[in-house]
Amino acid sequence: AQSVTQLGSHVSVSEGALVLLRCNYSSSVPPYLFWYVQYPNQGLQLLLKYTTGATLVKGINGFEAEFKKSETSFHLTKPSAHMSDAAEYFCAVSHSGGYNKLIFGAGTRLAVHP
Amino acid sequence: DAGVIQSPRHEVTEMGQEVTLRCKPISGHDYLFWYRQTMMRGLELLIYFNNNVPIDDSGMPEDRFSAKMPNASFSTLKIQPSEPRDSAVYFCASSFGAASYGYTFGSGTRLTVV
């Protein structure tokens with residue numbers, strides 16, 4: 001079975017600092033990997049995704065993530081945090097039983113301080 | 001496009017009552033998903049449909065939960081009878097084709113059972 005582990009349920013950074021949110025996955029087949037963001041009282045919004053090809057993928061709002069097969073990781077980064085980045089972030093992997101079923105991690109809540 | 005539309009946004013009901021949550025997917029999307037989000041369990045996939053047909057309902061917690069998709073533009077999730085432990089935010093999401101396209105989520109229905 002596929003699974004996703006997000007290290008750190010809460011991450012706090014200063015405005016302008018590097019953002020690093022960690023995600024590790026397990027999969028018996030080549031995975032599709034996703035990062036979603038959830039702002040308070042809203043649904044999840046797709047930030048970026050990896051399917052095939054280039055392992056460094058860029059998303060919206062200056063975020064990017066790198067697929068590292070050897071480390072089974074898909075960490076999310078942003079060089080400089082902005083106050084508006086404060087939200088909850090979810091990593092997701094497609095399910096081995098069918099590529100249309102996403103399994104989500106537990107989420108990481110990002111706080112950005114002035 | 002108006003996105004995935006869920007109604008109602010908030011629902012408060014008494015234990016034992018029937019609750020019906022509604023979802024209108026994005027036109028042209030052929031997959032529809034129902035998720036439940038709680039603090040304790042995070043995001044759980046309840047059921048998903050492909051071309052209006054239920055494909056995987058293994059996440060439906062009990063027989064009290066049922067979901068239907070009578071046509072491509074409408075789906076319902078029903079809880080009968082409702083219990084306090086059903087209190088959660090219920091999300092509907094839709095996608096076109098394979099999961100590599102990502103899902104589009106609705107804004108959710110916050111259900112409170114008292």
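Preceding block: the structure.
Notes on the structure in this doc start here. (Residues numbered from 1 in each chain as written. Chains lettered and ligands numbered in written order. Predicted model: local features only at pLDDT ≥ 70, side-chain atom pairs only at ≥ 80, totals over all residues. Heavy atoms only, no water.)

Observations concerning the overall build of chain B
Turning to step 1, where the next piece is worked out: A count of helices and strands for chain B gives zero helices and 11 strands.
Turning to step 2, where the next piece is worked out: For chain B, the N- to C-terminal ordering of α and β elements is β-β-β-β-β-β-β-β-β-β-β.
Turning to step 3, where the next piece is worked out: For 114 residues, the compact-globule formula gives about 13 Å, and the C-alpha radius of gyration of chain B, at 13 Å, lands near that figure.
Turning to step 4, where the next piece is worked out: When each of the 114 residues of chain B is scored for burial, the buried share is 49%.
Turning to step 5, where the next piece is worked out: In chain B, of all internal contacts separated by at least 6 residues, the share reaching a separation of at least 24 is 54%.
Turning to step 6, where the next piece is worked out: Of the roughly 5,500 Å² of accessible surface on chain B, a fraction of 50% belongs to carbon and sulfur atoms.
Turning to step 7, where the next piece is worked out: Averaging the coordinates of the 10 positive side-chain charges in chain B and doing the same for the 12 negative ones gives two points 4 Å apart. (Helix = DSSP H or I, 4+ residues; strand = E, 2+ residues; numbered from the N terminus. Rg over C-alpha atoms; globule rule 2.2 N^0.38 Å. Buried < 20%, exposed > 50% of the residue type's maximum accessible area, 1.4 Å probe, protein only. Contact = heavy atoms within 4.5 Å. Areas by Shrake-Rupley, 256 points an atom, 1.4 Å probe, with all protein chains shown as cover. Lys, Arg positive; Asp, Glu negative; His and termini not counted. Charge placed at Lys NZ, Arg CZ, Asp CG, Glu CD.)

Some details on the interface of chain A and chain B
Turning to step 1, where the next piece is worked out: Taken together, the contact pairs 17 residues of chain A with 22 residues of chain B.
Turning to step 2, where the next piece is worked out: Buried surface at the junction of chain A and chain B, both sides included, amounts to about 1,600 Å², of which 54% is carbon and sulfur.
Turning to step 3, where the next piece is worked out: Put simply, chain A and chain B have zero salt bridges between them.
Turning to step 4, where the next piece is worked out: At the junction of chain A and chain B, the tally comes to five residue pairs in polar contact (both at pLDDT 80 or more). (Buried area = accessible area lost by both parts, 1.4 Å probe. Salt bridge = Lys/Arg side-chain N within 4 Å of Asp/Glu carboxyl O. Polar contact = N/O pair within 3.5 Å; in protein donor to acceptor, adjacent residues only side chain to side chain.)

Observations concerning the sheet that holds strand S1 (residues 5-7) of chain B
Residue and element names in this part refer to chain B.
Turning to step 1, where the next piece is worked out: Strands sit in the order S1-S3-S8-S7 across an open sheet of four strands; the sheet is antiparallel. The open sheet has two edge strands with one neighbour each: S1 and strand S7 (65-71). Across the sheet, the mean angle separating the axes of adjacent strands is 15° when strand polarity is ignored.
Turning to step 2, where the next piece is worked out: Of the strand pairs in this sheet, strand S3 (residues 19-24) and strand S8 (residues 74-79) are connected by five bridges, and their pairing is antiparallel. Bridge pairing in S8 places Leu-21 opposite Leu-77. (Pairing = 2+ DSSP bridges. Axes fitted to C-alpha atoms, helices over the stretch in contact; angles between N-to-C directions.)

Regarding the sheet that holds strand S1 (residues 3-7) of chain A
Hydrogen bonds between backbone groups are what pair the strands of a sheet, and the pairing can be parallel or antiparallel.
Residues and elements named next belong to chain A.
Turning to step 1, where the next piece is worked out: Judged by pairing direction, the sheet is antiparallel, and its five strands sit side by side in the order S1-S3-S8-S7-S6 without closing on themselves. Across the chains shown, the open sheet's two edge strands, defined by having one partner strand only, are S1 and strand S6 (56-58). Direction aside, the axes of adjacent strands within the sheet are offset by 20° on average.
Turning to step 2, where the next piece is worked out: Here S1 pairs with strand S3 (residues 19-26) via five bridges, running antiparallel. Bridge pairing links Thr-5 to Asn-24 in S3.

Observations concerning the side chain of A:Thr108
All names here are of chain A.
Turning to step 1, where the next piece is worked out: Looking at the secondary structure, you find Thr-108 in strand S11 (residues 108-113).
Turning to step 2, where the next piece is worked out: There is a polar contact of 2.8 Å between the side chain of Thr-108 and the backbone oxygen of Gly-8.
Turning to step 3, where the next piece is worked out: The contact partners of Thr-108, leaving out residues within four places of it in the chain, are Gln-6, Leu-7, Gly-8, Ser-9, His-10, Val-11, Leu-21, Ala-87, Glu-88 and Tyr-89.

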